[in-house]
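# Structure assessment
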Amino acid sequence: QVKWKGKDLFDLVCRTLGLRETWFFGLQYTIKDTVAWLKMDKKVLDHDVPTEEPKTFHFLAKFYPENAEEELVQEITQHLFFLQVKKQILDEKIFCPPEASVLLASYAVQAKYGDYDPNVHKRGFLAQEELLPKRVINLYQMTPEMWEERITAWYAEHRGRARDEAEMEYLKIAQDLEMYGVNYFAIRNKKGTELLLGVDALGLHIYDPDNRLTPKISFPWNEIRNISYSDKEFTIKPLDKKIDVFKFNSSKLRVNKLILQLCIGNHDLFMRRRKADSLEVQQMKAQAREEKARKQMERQCLAREKQMREEAERTRDELERRLMQLKEEATMANEALMRSEETADLLAEKAQITEEEAKLLAQKAAEAEQEMQRIKATAIRTEEEKRLMEQKVLEAEMLALKMAEESERRAKEADQLKQDLQEARESERRAKQKLLEITSKSSYTQSMNSSTTALPSDLPSFNLISESLSFDFKDTDMKRLSMEIEKEKVEYMEKSKHLQEQLNELKTEIEALKLKERETALDILHNENSSRGNSKHNTIKKVS
């Protein structure tokens, strides 16, 4: 509405989002290439906002927490910070080393897609996602598939983390980056030297224009007695009167006002963190703890149900596999039975043929014997005929002998075939017995399978668990939850060492693929700081 003040519009946005931690946020607009924030006590249309319609304001975090895990209570607050910090890293407004970029990308994927499932998240599922800064991609001779493989390897390790947990892990890593939460302004000192002023949750920092990572001088908020400006000149008075007053100039009056706003807001939050929580914050933290406890119990219930369902499915699959195996055995037994029957038929037929051949040979032998007797009885008058007859008799005797031997051999072969036939019939009887046993097993397994397969659809024990779930938390539950949270903190400290080792391992792995000529000034400065063992916090302590 025309008469609305900045607070009216801001409160409307916060109510729409369901946001209660409003002190971190503001409505930002741009005027003449300069960023400005909507004042709460001034009418919206009285601000020097651009005249074109519609008027655009950006709802953004104006102030950042020192420790995201301790200070950000609501899930919506964590989500808004996650979205803003992620965008700043991808837009390269916050410098992030390559190995940390991959780790942050894996948490962003966990927050969006949930637990890794190789059957769903197949190769190429991240092809359309913007997960890494372009600077990091251009710095290495690596294909998108190679980056996806490394991101997915870490993504698979985050199994079991909910969206809010993955986003909080993202923020916990990002808050240790040197440029996280710092607003930079171009200034000049009394000698006219160009410098950069950085304002963040920890204090004021002075940088060289070409090095936004490592401050030359730092003034923590608890060591600053007073900040003032007159026209374009700023004065920082340290608490220790022995330390010289630091003065600098900025280019625009509008920038001076913005610097002062950020200084006052960050200093107020710095002092607020070191006091007891207000009733509102205490209430929000209590609600957040209860909500976290409720979600944790729900996740545990779901995990138990999922585990039981998986076990039931595994049992069903095992029974189905066993049933298939029994069916295959039955099929093989049937085939063996059919082969045995065919073999028995063939052997019987062969035995019959052999018997007929033996009878025929015996008949021929008898005929030969009769011929021999007839020849012997015939009187041969001449000696030549007698000799010829004797020769024929000899040949007939030899033929009869051979016929007798062949008849005996055929008889033995017939006996052997009868014996083989007997064995084949015995084999057939055993195969039929085995088939009857397998058939009885199959019917028993099918009945067991049907009773077991019904388990996943009904699962009365699941309903019992769900129906008995209560959202009234007793003191003992909260104490137990507190102990679990403390235990998680200890485990996190132990994991941080492992995390650093993983980062170093990835850095070593991809170092061979780096294109040195594409390194930016910030990459070189970060590598120098890392080789010296300098981090964000110990650097600020050194230069304070």
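Residues numbered from 1 in each chain as written. Predicted model: local features only at pLDDT ≥ 70, side-chain atom pairs only at ≥ 80, totals over all residues. Heavy atoms only, no water.

Per an unreviewed UniProt entry, the protein is named MERL protein, and its organism is Tychaedon coryphoeus. As its UniProt record puts it under Subcellular location (unreviewed entry), the protein is described as follows: "Cell membrane". (UniProt positions renumbered as here; feature names shortened; annotations may be inferred.)

## Quick notes on the layout of surface pockets
Any space left empty among the atoms is revealed by the rolling of a water-sized probe across them. Counted as a void, the second largest pocket has a volume near 970 Å³. Those elements giving two or more residues to the lining of the second largest pocket turn out to be strand S1 (25-31), strand S2 (34-37), strand S3 (58-61), helix H3 (75-90), strand S4 (183-189) and helix H8 (253-273). Among the elements that make up the lining of the second largest pocket, the one with the highest residue count is H3 (five residues). A class-by-class count of the residues in the lining of the second largest pocket yields 19 nonpolar, seven polar and seven charged. (1 Å grid on protein atoms, 1.4 Å probe; cavity = no way out; pocket = protein on both sides within 12 Å on 5 of 7 lines; lining within 4 Å. Points joined across faces, edges and corners; volume = space filled by probe spheres on them. Helix = DSSP H or I, 4+ residues; strand = E, 2+ residues; numbered from the N terminus. Nonpolar A, V, L, I, M, F, W, Y, C, P; charged D, E, K, R; others polar.)

## Let's talk about the side chain of Gln 84
Looking at where Gln 84 falls in the secondary structure, it is placed in helix H3. Within the structure, Gln 84 has its side chain in polar contact with the side chain of Tyr 64 (distance 3.1 Å). If near-sequence neighbours (up to four positions away) are discounted, Gln 84 is found in contact with Leu 60, Ala 61 and Tyr 64. (Polar contact = N/O pair within 3.5 Å; in protein donor to acceptor, adjacent residues only side chain to side chain. Contact = heavy atoms within 4.5 Å.)

## Regarding the pattern of salt bridges
Think of it this way: side chains of opposite charge can pair up when their charged atoms draw near. Applying the stated criterion to the full structure yields 25 salt bridges. Across the pair Glu 75 and Arg 163 runs a salt bridge whose closest N-O atoms are separated by 3.7 Å. Taken as a pair, Glu 75 in helix H3 and Arg 163 in helix H7 (residues 163-174) lie far apart in primary sequence, 88 residues in all. Residue classification places Glu 75 among the partly exposed residues on the basis of a relative accessible area of 30%. Judged by relative accessible area, Arg 163 falls into the partly exposed class, the value being 37%. Asp 91 is paired through a salt bridge with Lys 87; the nearest N and O atoms lie 2.7 Å apart. One network of salt bridges, in which partners are shared, links Glu 66, Glu 71, Arg 273 and Arg 274. (Salt bridge = Lys/Arg side-chain N within 4 Å of Asp/Glu carboxyl O. Buried < 20%, exposed > 50% of the residue type's maximum accessible area, 1.4 Å probe, protein only.)

## Observations concerning unusual backbone geometry
Not every positive phi belongs to a glycine, and Glu 92 is a case in point at roughly 65°. If you trace the backbone, Glu 92 turns up in the loop between H3 and helix H4 (98-113). Relative accessible area serves as the criterion here: at 36%, Glu 92 is assigned to the partly exposed category.

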